[in-house]
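Residues per chain are reported as follows:
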Amino acid sequence: MMNTDNRYLWQHKDLLDCNQLSCDDVFHLLDLARSFQDIHKRPVRKIPTLQGRTVVLFFVENSTRTKTSFDVAGKRLSADTHALSLAGSSLNKGESLLDTGLTLEAMHPDVIVVRHSSSGTAEFLAKHLSCGIVNAGDGWHAHPTQALLDCYSLRTVWGDAFAGKTLLILGDIAHSRVARSNVVLWTKLGVSVRLAGPRTLLPPGLSTWPVTVFNSLDEAIEDVDAVMCLRLQLERQQAGLLPSLAEYSKRFCLTSKHMAKAKPDAVVLHPGPLNRGLEIADGVADSAKSLILNQVQAGVCVRMAILYLLATRK
Ligand code: CP
């Protein structure tokens, strides 16, 4: 069931972003995830692989998919999982992030999975703590486990023939850690990445990114193999970046009419949560082209692989 390539050694204490991963790391992780994918079909959805290991889910920012799937992933591997959120934690009494991290580490977890609204939080904890740290999303910076599960999902459709494929990432690129981690991962794997969105939602310094940038969705979607639609991050936006939501939706909401310009077998991804009717039409989100719920399923087995690799690293 496990990848038995004895020449390969996972060498990372932490998973902070995709730029730390080699292609071998990525494919090893995805193969391992695939070996876990059918456990949910069993009558008993649990294997003893991480029995006696401890995983802390330290989520200082809201999450449905990432937090729940890490919890399910840990439990499927028989690890003990413990959740700490901002509400109910002593961060709310003024305890510093470092003191909170050191306190959690004193309980001897194998892995701490952290989500935080500030970029660099996971890296900061990784520098100060000896247990494994997984970045479950830090500010606008990175969301590596999302990019890896996106890759897992597209691999089920494309196989290993990534080179020559074109992926369009659409929407609020400026505020998106999902976009940043996906650009890093897909370009590493030889996929051409296009970005499209209103100028005000494209980040500064894009000329140094290995991507092609479009301001028109109709042009950007021409002949692509996949579209990754992003959530409009209303909670992170300063006022005035968009004339109106109606205007945004008119220009950038992904509809079946747009999808007709992509390759006939093109598929659609969205990291969730969805703003239906704003960035993606129901007719696309719920269509046969949509991999959105496949992404959620992939999230569990990819996160099982990540917890396994970090918790068992020698
Ligand atoms: N895609 C994603 O990170 O979703 P959650 O915020 O629900 O975890």
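Residues numbered from 1 in each chain as written. Predicted model: local features only at pLDDT ≥ 70, side-chain atom pairs only at ≥ 80, totals over all residues. Heavy atoms only, no water.

J.: In this structure, what is going on with the sheet that holds strand 7 (residues 212-214)? I would like to understand it.
T.: Adjacent strands of a sheet pair through backbone hydrogen bonds, lying either parallel or antiparallel. Read across the sheet, 5 strands follow the order 7-6-5-8-9 without closing on themselves; strand pairing throughout is parallel. Each edge of the open sheet is held by one strand with a lone partner, namely strand 7 and strand 9 (267-269). Neighbour-to-neighbour, the strand axes of the sheet open up by a mean angle of 20°, direction not taken into account. The pairing of strand 5 (residues 166-170) with strand 6 (residues 192-196) spans 5 bridges and is classified as parallel. Among the inter-strand pairings, Ile169 is bridged to a residue of strand 6, identified as Leu195. Each of strand 8 (226-229) and strand 9 is contacted by helix 5 (residues 144-158), which is oriented at about 170° to strand 9, the strand it contacts most. (Pairing = 2+ DSSP bridges. Helix = DSSP H or I, 4+ residues; strand = E, 2+ residues; numbered from the N terminus. Axes fitted to C-alpha atoms, helices over the stretch in contact; angles between N-to-C directions. Contact = heavy atoms within 4.5 Å.)

J.: Any chance you could explain the pattern of salt bridges here in plain terms?
T.: A side chain with one charge can pair with a side chain of the opposite charge if their charged atoms come near. Using the criterion set out here, one finds 12 salt bridges in the structure. Linking Asp225 and Lys263 is a salt bridge whose minimum nitrogen-to-oxygen distance equals 3.1 Å. In this pair, Asp225 is assigned in the loop between helix 7 (217-220) and strand 8 and Lys263 in the loop between helix 9 (256-259) and strand 9, connecting sequence segments 38 residues apart. With a shortest N-O distance of 2.9 Å, Arg276 and Asp282 are connected by a salt bridge. On the accessibility criterion, Arg276 (44% relative accessible area) is partly exposed. Owing to a relative accessible area of 42%, Asp282 belongs among the partly exposed residues under this scheme. (Salt bridge = Lys/Arg side-chain N within 4 Å of Asp/Glu carboxyl O. Buried < 20%, exposed > 50% of the residue type's maximum accessible area, 1.4 Å probe, protein only.)

J.: Just checking my understanding: could you explain the site of the ligand for this structure?
T.: Taken together, Ser63, Thr64, Arg65, Thr66, Arg115, His143, Gln146, Pro271 and Gly272 are the residues near the ligand. Thr64 places a main-chain nitrogen or oxygen 2.9 Å from an oxygen atom of the ligand. Arg115 has a polar side-chain atom sitting 2.9 Å from an oxygen atom of the ligand. Out of a free accessible area of 260 Å², the ligand has 90% covered by protein chains. Across the shell around the ligand, the residue classes break down as 1 nonpolar, 6 polar and 2 charged. (Near = heavy atom within 4 Å. Polar contact = N/O pair within 3.5 Å; in protein donor to acceptor, adjacent residues only side chain to side chain. Areas by Shrake-Rupley, 256 points an atom, 1.4 Å probe, with all protein chains shown as cover. Nonpolar A, V, L, I, M, F, W, Y, C, P; charged D, E, K, R; others polar.)

J.: Please clarify how the sheet that holds strand 2 (residues 80-85) should be interpreted in this entry.
T.: Strands sit in the order 2-1-3-4 across an open sheet of 4 strands; the sheet is parallel. Among the strands making up the open sheet, the edge pair consists of strand 2 and strand 4 (132-138). The mean inter-strand angle of the sheet, taken between neighbouring strand axes irrespective of direction, is 15°. Here 6 bridges tie strand 1 (residues 54-59) to strand 2, and the two strands are oriented parallel to one another. Directly across from Thr54, in strand 2, lies its bridge partner Asp80. Packed on one face of the sheet, helix 4 (residues 121-128) meets strand 1, strand 3 (111-116) and strand 4 and runs near 165° to strand 4.

J.: Help me understand helix 4 in this model?
T.: Residues lying three or four places apart along an α-helix face the same way, a consequence of the helix completing one turn every 3.6 residues. Restricting attention to buried positions, one finds in helix 4 the residues Thr121, Ala122, Leu125 and Ala126. Along the long axis of helix 4, the arc covered by the buried residues comes to 135°, so they all point the same way. Where helix 4 is buried, its residues touch strand 1, helix 3 (97-105), strand 3 and strand 4. (Arc of directions from axis to C-beta.)

Function-wise, these values are silent; they only describe arrangement.
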